[in-house]
Amino acid sequence: MKILVIEDEANITQIIRLYLEQAGYSVLSASDGIAGLELHAREHPCLVILDLMLPGLDGMEVCRRIRTWASTPILILTARQAEEERIAGLEAGADDYLIKPFSPRELVSRVKAILRRSTPANQTEQHPAQAQQAGGSEQDLRFGGLVINLPARRVTVMGQPVTLTVKEFDLLVTLASSPDRVFTRETLLHQVWGYTYLGDGRTVDVHIGTLRKKLETVAGAPHHIQTVWGVGYKFVPHPATRPQGE
Ligand code: CA
């Protein structure tokens, strides 16, 4: 089942892609409305995830245009404050909405719920075993000795399994899915916790601390998660030799 994501923030698209692929869907993406409409016409996705705030042709207009000729379910992404926008989006033909920042798991469950309502029973979700088979090692993120298996939520370092909490795992996937990108604490709170923690970046610092400790206890393990002083954190895919004492 193909899902089309129309969103201009590459990082959000990436996270959506990871979680949906993990759930057994295939994902197409467009970073603006025109490209999204073209992909929709060509690929006939079974669902559209549509950000309302897009450059050029805005999401509302994209929604209206899709509705002139197709009944594809549309899930809109909208900002917390904009209640009117949300309602207008639903009025323009969207099936459901999610308020940004949202948790990726919530997004997946909304997608499943919408597809369950809109598709005949025999075409709904893939059996978990099938998704597993279809994915295989393609669903691993590999960085030297660090391997992250998305479907199983399993991490190994130099071949040794590392047990992470849900938040530690989500934090690692968020960072590792955009290597070398610097994430602020606020962004990580939004993406991993799914809400604003009233400006308390300490939550992130604490989880980064425990995550690092777990990933780096194995002898010779590389130092992937780096602090960018005064800004936040980034994931370095192929770090140089680990500095002594860190
Ligand atoms: Ca946007």
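Basis of the calculations
- Residues numbered from 1 in each chain as written.
- Predicted model: local features only at pLDDT ≥ 70, side-chain atom pairs only at ≥ 80, totals over all residues.
- Heavy atoms only, no water.
- Helix = DSSP H or I, 4+ residues; strand = E, 2+ residues; numbered from the N terminus.
- Contact = heavy atoms within 4.5 Å.
- Areas by Shrake-Rupley, 256 points an atom, 1.4 Å probe, with all protein chains shown as cover.
- Pairing = 2+ DSSP bridges.
- Axes fitted to C-alpha atoms, helices over the stretch in contact; angles between N-to-C directions.
- Core = buried A, V, L, I, M, F, W, Y, C linked by side-chain atoms within 4.5 Å.
- Buried < 20%, exposed > 50% of the residue type's maximum accessible area, 1.4 Å probe, protein only.
- Domains from an automatic or database assignment.
- Salt bridge = Lys/Arg side-chain N within 4 Å of Asp/Glu carboxyl O.
- Polar contact = N/O pair within 3.5 Å; in protein donor to acceptor, adjacent residues only side chain to side chain.
- Donors = N, O, S within 2.8 Å, 3.2 Å for Na, K, Ca; no water.
- Expected span 1.5 Å × (residues − 1).

(A) Quick peek at the overall build of the chain. For the chain, the helix and strand inventory stands at nine helices and twelve strands. In the chain, once contacts between residues fewer than 6 apart in sequence are set aside, the share between residues at least 24 apart is 57%. Approximately 12200 Å² of the chain is accessible, and the part contributed by carbon and sulfur atoms is 52%.

(B) Local environment of the sheet that holds strand E12 (residues 232-235). Taken together, the three strands give an open sheet; going across it, the order is E10-E12-E11, and neighbouring strands pair in antiparallel fashion. Bordering the open sheet on either side are strand E10 (182-184) and strand E11 (225-228), each of which pairs with just one other strand. This sheet shows a mean twist of 35 degrees between the axes of neighbouring strands, independent of strand direction. Both E10 and E12 contribute to a ladder of three bridges, which runs antiparallel. By the bridge assignment for E12, Val-182 is matched with Lys-234. Helix-sheet contacts for helix H7 (residues 166-176) involve E10, E11 and E12, and the interaxial angle to E12 is about 70 degrees. The strands that helix H9 (residues 202-216) touches are E11 and E12; relative to E11, the one it contacts most, it runs at about 145 degrees.

(C) Main features of the nonpolar core. In this structure, Leu-20, Ile-49, Leu-107, Val-111 and Ile-148 are the most contacted members of the largest nonpolar core, which totals 49 residues. When residues of this core are sorted by domain, at least three fall in each of domain 1 (2-117) and domain 2 (120-241). Sequence-distant contacts of Ile-49, defined by excluding residues within four places in its chain, comprise Ile-3, Leu-4, Val-5, Ile-6, Ile-16, Leu-20, Leu-75, Leu-77, Leu-107 and Val-111. Among the nonpolar cores identified, the runner-up in size contains 20 residues, and Leu-39, Val-48, Val-62 and Ala-92 belong to it.

(D) The pattern of salt bridges, seen in detail. Counting across every chain of the model gives 14 salt bridges. Among the ionic pairs, Asp-96 bridges to Arg-110, the shortest N-O distance being 3.3 Å. One end of the pair, Asp-96, is in strand E5 (residues 96-100); the other, Arg-110, is in helix H5 (residues 104-118), and 14 residues separate them in sequence. Judged by relative accessible area, Asp-96 falls into the buried class, the value being 17%. Put simply, Glu-106 and Arg-110 hold a salt bridge, and the shortest N to O gap is 3.0 Å.

(E) Layout of the side chain of His-224. Its location among the elements puts His-224 in the loop between H9 and E11. Here Pro-237 takes part through its backbone oxygen, which lies 3.5 Å from a polar atom of the side chain of His-224. Beyond its immediate stretch of four places on either side in the chain, His-224 contacts Phe-143, Leu-146, Glu-216, Lys-234, Phe-235, Val-236, Pro-237 and Pro-239.

(F) Up close: the sheet that holds strand E7 (residues 146-149). Pairing within the open sheet is antiparallel, and its four strands lie in the order E6-E7-E8-E9. Every interior strand has two partners, whereas the edge strands, strand E6 (140-143) and strand E9 (160-162), have only one. Averaged over all pairs of adjacent strands, the angle between strand axes in this sheet comes to 20 degrees, irrespective of strand direction. For strand E8 (residues 154-157) and E9, the ladder comprises three bridges, and the chain directions are antiparallel. By the bridge assignment for E9, Val-157 is matched with Gln-160. The strands touched by H7 within the sheet are E6, E7 and E8, with E7 carrying the most contacts at an inclination of about 110 degrees.

(G) Layout of the coordination of the calcium ion. Coordination of the calcium ion by the protein comes from Asp-8 (OD), Asp-51 (OD) and Met-53 (O), over a distance range of 2.1 to 2.3 Å. Residue classification places Asp-8 among the partly exposed residues on the basis of a relative accessible area of 34%. Judged by relative accessible area, which is 58%, Met-53 ranks as exposed.

(H) A look at helix H1 (residues 10-22). The end-to-end C-alpha separation of H1 is 18 Å, in line with the 18 Å expected for 13 residues at 1.5 Å each. Asn-11, Ile-12, Thr-13, Ile-15, Ile-16, Leu-18, Tyr-19 and Leu-20 are the residues of H1 that are buried. Phi turns positive one or two residues past the end of H1, at Gly-24, with a value near 100 degrees.

(I) Structural detail: the environment of Thr-165. Along the polypeptide, Thr-165 turns up in the loop between E9 and H7. The class of Thr-165 is partly exposed, set by a relative accessible area of 37%. With 42 residues separating them in the primary sequence, Thr-165 and His-207 have C-alpha atoms 9.5 Å apart.

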